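As a plain string of letters, each chain reads:
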Amino acid sequence: MMGHVSRSIRLQLILTFCVCLIASSLLYAFTYQAFGEMRSQAVIDYKYGIDQIDGEARSLVRELDTRSFDQEADTSEVIPTPASRQADFENHVKRIARDQKYKVLITDLEGKVIFRSSNAAETNVDIHNIISNAMNARTDHDYNRKEFSSFYPVNYNSQKSYLIVSAIPEPHITYRKGESPMSFFSAVVLFIFLFYFLTQRKMRYVEELAGGLRIIATGNLDYRVIERSDDELGSLARDMNLMVEDLQRRIEEERRNERLKNELITNVSHDLRTPLTLIMGYLRLLQDKGYETQEQAAGYVSIAYNKSEKLKLLIDDLFEYTKLSNRDVPLYKEGVPINEVLDQLLEEFVTMAEEQQLTIVRNIPKEKLLVRIDVDKMIRVFENLLTNALKYSLKPGAITVNVSRDHRYVTIRVSNRSDMLTDEELQQLFERFYRVDASRSSATGGSGLGLAIAKSIVDSHEGTIWAEQDSGQLHFYVKLKLAASGI
């Protein structure tokens, strides 16, 4: 139960309200008693006298009630006769009339007196007034000294009748407690004080959270509010911290993207300017007839053309990466055996590898591992990985391509010996426009988009691509989900 209370500020407020209410009620009861005793007043009370008259009337009723006499006769050894019961009743009437000055009347249903005590002179009474007098006297707290009549229906001489016993009740001195507004006032003050005291800690926490928001609003994203409870306020503090962390991460990501964009502009400007300058230079030579032979002119044209090809490749990479990043490129997926696709692709790289003193080692199972991919896009991924391995492998050496199946997935690993990278460099390999070769050499460095394009393509296939290194080996992994028929 306490666990639920600690996690709900609503339950805490309800419990606090109940505690304050109980405490204030106890204080009200105590002060009411204390102030009542202090302000008590002596008053004349006739209730005890009224009860005496009523008690005598009930005793007379019991004597007149035939059923009562019959019930008593069941356990008595001497059965009283009607005459003896009548005599006992009359003797009881004479005694109370003489000793206590009670007036006893028995009337018929119309109010005609058919029996009266010696101190009574009435021959006819108003039944309605008698009943009204008896009822009012029992409910009137300020009853003055006046005659009281107790009224009961009875059987007298086998006749339905009314028994009326009248007398002036004896007064008794009693003390009535007084009333004071201090009782209610003190209870209200205690309730307010307790509620304020018990909720003060929560309110300070609310103010602390509000102050934390103001600090964060000034731009201090390193500030964190303290999580002091498990209830909704604690949850709010956690959400605020998560919000600030996410906002901080987004801002850092935006700054990083801005830095990468600036690097892109710098890199692309350099990579475009270098071949463009050469193209313009050779074209100017051709335009100005700055060549001696036609063979020399043809050489200038060939160089300009090659540089134009490089410009086109760079622009194509930029265009493709932009489309892939914005998910503007449709994928035409089909079920193909990934091991056969890799076998065909590796054949195309054998000659290029041998020219650079590299050997391609294949560890590809014969089992057909079907995947649903856009073949052209996925071939681009492996071309980028293999091209990257050719450029940065230590020569002589080997490039190893390994394919393995893990239940519902297939993992392709491309490995080569290379210079060791730092952890930061390893993490940034798939970032757009990043190149380990800081000099951006045209001979060894491309646009810096190859691995970023590969990552975008794998992500669009709901796959995973990452890099690891150990013992001088750099490993690139591509993990794809097998098609249903390949499971």
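To be clear, the structure that these remarks concern was listed above.
A quick note: this is a predicted structure, and the numbers were derived from the prediction, not measured. Counting of residues starts from 1 at the beginning of each chain's written sequence and follows it residue by residue. Owing to the predicted nature of the model, reporting of local features is limited to residues with pLDDT of at least 70; listing and counting of side-chain atom pairs is limited to 80 or more, with chain, interface and lining totals taken over all residues. To get the side-chain values, take all heavy atoms of the structure and skip hydrogens and water.

Novice: Is there a simple way to explain the packing of aromatic side chains in this structure?
Specialist: For any pair of aromatic rings, the description consists of the separation of the ring centres together with the inter-plane angle of the planes. In this analysis, rings of Phe, Tyr and Trp, with Trp reduced to its six-membered ring, are considered paired at centre separations within 6.5 Å, and the interplanar angle assigns stacked below 30 degrees, edge-to-face beyond 60, and tilted for intermediate values. By the definition in use, this model includes seven aromatic pairs. Between the aromatic rings of F151 and Y162, the centroid separation amounts to 4.7 Å while the plane-to-plane angle is 35°, which identifies the pairing as tilted. Here F151 is found in strand β4 (residues 148-155), whereas its partner Y162 is found in strand β5 (residues 160-167), with 11 residues between them in sequence. The pair F151 / Y162 is uniform in exposure class, with both members buried. Ring plane angle 10° and centroid distance 6.2 Å describe the contact between F191 and F195, whose orientation is recorded as stacked. Here F191 pairs with F195, and both are found in helix α7 (residues 181-217), just four residues apart, close to one helical turn. Residue class for F195 comes out partly exposed when judged on its relative accessible area of 29%. Chaining the aromatic ring pairs together yields one cluster made of F17, F191 and F195. Charge-over-ring placement is defined geometrically: NZ (Lys) or CZ (Arg) within 6 Å of the ring centre, and within 35 degrees of the ring normal. Lying across the ring of Y409, K479 places its NZ or CZ 5.0 Å from the centre. Going along the chain from the N terminus, every DSSP run of H or I of four or more residues is numbered as a helix, and every run of E of two or more is numbered as a strand. Exposure categories follow from relative accessible area, calculated using a 1.4 Å probe and restricted to protein chains: below 20% of the type maximum is buried, above 50% is exposed, and the middle band is partly exposed.

Novice: Which parts of the structure should I look at to understand the pattern of salt bridges?
Specialist: Any carboxyl oxygen of Asp or Glu that lies within 4 Å of a side-chain nitrogen of Lys or Arg is treated as forming a salt bridge with it. A full pass over the atoms with the stated rule returns 14 salt bridges. As a salt-bridge pair, E208 and R228 come within 3.0 Å of each other at their nearest N and O atoms. Within this pair, whereas E208 is found in helix α7, its partner R228 is found in the loop between α7 and α8 (232-287), the two being separated by 20 residues in sequence. Its salt-bridge partner being E347, residue R362 comes within 2.7 Å of it at the nearest N-O pair. Taken together, the residues R362 in strand β8 (residues 358-363) and E347 in helix α10 (residues 338-355) connect sequence positions 15 residues apart. One continuous salt-bridge network, built from bridges that share partners, spans D246, R249 and R250.

Novice: Please explain the sheet that holds strand β10 (residues 397-406) as it appears in this structure.
Specialist: Two modes of strand pairing occur in sheets, parallel and antiparallel, and in both the strands are linked by backbone hydrogen bonds. Two strands pair if DSSP finds at least two bridges between them. Ordered in space as β8-β10-β11-β13-β12, the five strands form an open sheet in which the pairing is mixed. The open sheet has two edge strands, β8 and β12 (464-470), and neither has a second partner. Along the sheet, successive strands turn relative to each other by an average axial angle of 15°, direction set aside. Pairing geometry for β10 and strand β11 (residues 409-417), over eight bridges, is antiparallel. Paired with R405 across the bridge in β11 is V410. All axes are obtained by fitting lines to C-alpha atoms, using only the stretch in contact for helices, and the reported angles, taken between N-to-C directions, cover 0 to 180 degrees.

Novice: How do you make sense of the environment of E63 when you look at a structure like this?
Specialist: Assignment of secondary structure puts E63 in helix α3 (residues 47-64). Accessibility expressed as a relative area gives 22% for E63, which makes it partly exposed. For the pair E63 and F89, spaced 26 residues apart in the sequence, the C-alpha separation amounts to 6.4 Å.

Novice: Looking at this structure, I do not really get the sheet that holds β5. What am I missing?
Specialist: Here we have four strands laid out as an open sheet, ordered β3-β2-β5-β4, and antiparallel in their pairing. Lying at the two open borders of the sheet, with one neighbouring strand each, are β3 (113-116) and β4. With strand direction ignored, the average angle separating the axes of adjacent strands in the sheet is 20°. With eight bridges joining them, β4 and β5 adopt antiparallel strand pairing.

Novice: Would you mind going over helix α13 (residues 450-460) with me for this structure?
Specialist: Helical geometry: 3.6 residues make up each α-helical turn, so side chains three or four residues apart lie on a common side. Counted residue by residue, α13 has eight buried out of 11 residues, so it is predominantly covered. Listed in full, the buried residues belonging to α13 are L451, A452, I453, A454, S456, I457, V458 and S460. Just past α13, the residue E462 takes up positive phi, approximately 60°.

Novice: Explain a nonpolar patch on the surface here, please?
Specialist: Only residues above 30% relative accessible area that lack a salt bridge enter a patch, with like-charged residues linked at up to 9 Å and the nonpolar side chains Val, Leu, Ile, Met, Phe, Trp and Tyr linked at up to 5 Å. Surface accessibility follows the Shrake-Rupley procedure with a 1.4 Å probe radius. Residue values consider only the protein chains on display as shielding. A cluster of nonpolar side chains, namely L15, V19, F193, F197 and L198, defines an oily patch on the protein surface of about 480 Å² accessible area. No other element matches α7, which puts three residues into the nonpolar patch. For F197, the position within the fold is in helix α7.

Novice: What is the right way to look at the nonpolar core in this model?
Specialist: If you look at soluble globular proteins, the nonpolar side chains tend to sit buried side by side. Here, nonpolar core refers to any group of buried Ala, Val, Leu, Ile, Met, Phe, Trp, Tyr and Cys residues whose side-chain atoms link them within 4.5 Å. I338, F382, L385 and V410 are the most contacted members of the largest nonpolar core, which totals 47 residues. A total of eight residues in this core trace back to one element, the largest contributor, which is helix α11 (residues 375-392). Here, two residues are considered to be in contact whenever any of their heavy atoms come within 4.5 Å of each other. I338 has contacts with L369, V371, I373, F382, V410 and I412, leaving out every residue within four places of it along the chain. In this structure, L60, I96, Y102 and L163 belong to the second largest nonpolar core, which totals 19 residues.

Novice: Looking at this structure, how should I read unusual backbone geometry?
Specialist: With the exception of glycine, the majority of residues adopt a negative phi angle, and the majority of peptide bonds are in the trans configuration. Omega for the peptide link from K395 to P396 comes to -15°, which places this bond in the cis form. For P396, the location among the structural elements is in the loop between α11 and β10. The phi angle at Q357 is positive, at roughly 60°, despite the residue not being glycine. Within the element layout of this structure, Q357 appears in the loop between α10 and β8. The exposure class of Q357 is exposed, given its relative accessible area of 53%. Even without a glycine there, the phi angle at S471 is positive, about 50°. As for its position among the elements, S471 is in the loop between β12 and β13 (473-481).

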